[in-house]
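# Breakdown of the fold
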Amino acid sequence: MRAEPRPRGRSPVAPAPRRGGRTSVRRARQRQRCRHGRPDDGVRAAPCLHRGAGARRPAPAGAIADEGPIAARVAAMHANIVHVRVQGDGRSPLPLLDRHFDLYQRPVMNPCNAIWAETINDAARSRGVSVLLTGQLGNFTLSHDGIPHLAQLLGAGRLVALARLARQLRTRGWRRRRIGAAMLGPFLSPAAWSLADRPVRPLARAAQLQRAAPGRDRRPGRPCRDDRHRSVLSPMARRAGDAALGLDRVDMGSYNKGTLAGWGIDLRDPTADRRLIEWALSVPDEQYILGGEPRSLARRAFADRLPPELVGEQRRGYQAADWHIGVSGALGEMVAELDGIERCRPGEALVDVAQLRALVRDWPDFAADDPRWNQPAIVDRYRSMLLRGVAAGHFLRRAARTN
């Protein structure tokens, strides 16, 4: 695990952020070992600071809305890493949709995250950075959590080892329902998932989001093409299957080339290196969750290179915690965009414009720092369904060349 990457050329290099802070700071730590004293710009985005004294950014329980302090702590350990904090400004994602179409030639299905990503690109370009390191596949390789090992143990009939691992997870605060979902998930059909509650919400909500944000082939008699919601017949292959889905789900080449065209920045992902992926898949899964500690391998490997508070961090980073601020001030623009989608035959056929209009009409009037913005139902309806549906419809409208 003691990687020693060698930089190509002498262009300024900066590590970009990654959710939860673990992958990005590990990558920065590896990078500083090979920079021979030259400082790297450790660029980290922070959510928009709400107006008013004492206002705070809402984040779900067990999540981190602002990873800036953690990144600063890592940078302080190494003289040749410079921590650059990029502050969000609460912009609406709607004005970016045309630029997304031109640069990426595909819909950006998480437009609220694109705001901070492009803000980082702006800051990096202003500092003369020409290479930006990312960690998109870190959770499939370097920071894999080992959770599929529960299903592997069940499929192999190793019930004693399964009971021991479940007990270890319980001592770390895992609920029985969460453990059961991870254990039984690969054996259940999508219909069975739809009966579940929050622990499997990302899978259960697929049908609910379908009409607003199309992703499946709905032609009668055709099988579902969204393999993310299919059961894995062989739990022993779950680990390789997860990695394959991570590689196949999104073509990062579109975004990488768009970033190069729009900002002159070369995005590179060390965690997507084929050698690292092959090595990670060869590691026994129990090493990733040893002693009931998810991401155990990465925590042990980097224990002497990262702050103890980060090595032991159990929370996840919450990207774009200020997602609702910009949209709240742009509901009129949202209605105008829906008018355009409705006039576009492909868009109107694939996107439920009436449902999206209802969501705009019912937009919550919560205060910016109200924790209710992070209720699962609110996030599903507005952050996922509405924004994703509008992004998909806008792309269809532009591709069909309609006004």
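Relevant structure appears above.
From a predicted model like this one, the values you see are computed outputs, not experimental measurements.

The rules behind the values
- Residues numbered from 1 in each chain as written.
- Predicted model: local features only at pLDDT ≥ 70, side-chain atom pairs only at ≥ 80, totals over all residues.
- Heavy atoms only, no water.
- Helix = DSSP H or I, 4+ residues; strand = E, 2+ residues; numbered from the N terminus.
- Buried < 20%, exposed > 50% of the residue type's maximum accessible area, 1.4 Å probe, protein only.
- Polar contact = N/O pair within 3.5 Å; in protein donor to acceptor, adjacent residues only side chain to side chain.
- Phe/Tyr/Trp six-rings, centres within 6.5 Å; stacked < 30°, edge-to-face > 60°.
- Lys NZ or Arg CZ within 6 Å of the ring centre and 35° of its normal.
- Salt bridge = Lys/Arg side-chain N within 4 Å of Asp/Glu carboxyl O.
- Core = buried A, V, L, I, M, F, W, Y, C linked by side-chain atoms within 4.5 Å.
- Contact = heavy atoms within 4.5 Å.
- Expected span 1.5 Å × (residues − 1).
- Arc of directions from axis to C-beta.

## Digging into the side chain of His324
- Along the polypeptide, His324 turns up in helix H16 (residues 323-328).
- What makes His324 buried here is its relative accessible area of 1%.
- Here Ala368 takes part through its backbone oxygen, which lies 2.8 Å from a polar atom of the side chain of His324.

## Focus on the packing of aromatic side chains
- Taken as a whole and assessed by the stated rule, the structure comprises seven aromatic pairs.
- Considering the side-chain rings of Phe366 and Trp373, the 5.3 Å spacing of their centres and the 70° angle between planes classify their relative orientation as edge-to-face. Residues Phe366 and Trp373 agree in their burial class; the two are buried.
- Counting every residue linked through ring pairs, the aromatic cluster contains Trp323, Trp363, Phe366, Trp373 and Tyr382.
- It is Arg99 that lies over the ring of Trp263; its NZ or CZ is 4.5 Å from the centre.
- Across the ring face of Trp174, the terminal group of Arg178 is positioned such that the distance to the ring centre comes to 3.7 Å.

## Things to note about the pattern of salt bridges
- This structure, assessed with the given rule, holds 15 salt bridges.
- Here Arg85 and Asp66 are joined by a salt bridge, their closest N and O atoms 2.5 Å apart. In this pair, Arg85 is assigned in strand E4 (residues 81-87) and Asp66 in the loop between strand E3 (63-64) and helix H2 (68-76), connecting sequence segments 19 residues apart.
- When its relative accessible area of 37% is taken as the criterion, Arg85 is described as partly exposed.
- Take Asp66: its relative accessible area is 16%, and that puts it in the buried class.
- Between Arg299 and Glu293 there is a salt bridge, with its nearest N and O atoms 3.9 Å apart. One exposure class covers both Arg299 and Glu293, and it is buried.
- Overlapping salt bridges, with partners in common, bring together Asp98, Asp102 and Arg398 in one network.

## Focus: the nonpolar core
- Trp323, Met334, Leu356, Leu386 and Val390 are the most contacted members of the largest nonpolar core, which has 30 residues in total.
- Mapped onto this core, the elements with two or more residues apiece are H16, helix H17 (331-343), helix H19 (353-361) and helix H20 (376-399).
- The dominant element in this core, judged by the number of residues it contributes, is H20, at eight residues.
- When residues no more than four places from it in sequence are discounted, the contact partners of Trp323 are Cys112, Tyr318, Trp363, Trp373, Ile378, Tyr382, Arg383 and Leu387.
- Core analysis: the second largest hydrophobic core is formed by 13 residues, Leu150, Ala161, Ile179 and Ala182 among them.

## Quick notes on helix H6 (residues 159-171)
- Under the 1.5 Å per step criterion, the end-to-end length of H6 is 18 Å for 13 residues, consistent within 8% with the ideal 18 Å.
- Turning to H6, its buried residues number three or more, namely Ala161, Leu162, Leu165, Ala166 and Leu169. For H6, the angular spread of the buried residues around the axis is 135°, confining them to a single face. Set apart from the buried face of H6 by more than 90 degrees, the exposed residues are Val160, Arg167 and Thr171.
- Gly173 occupies a position one or two residues after H6 and carries a positive phi of about 100°.

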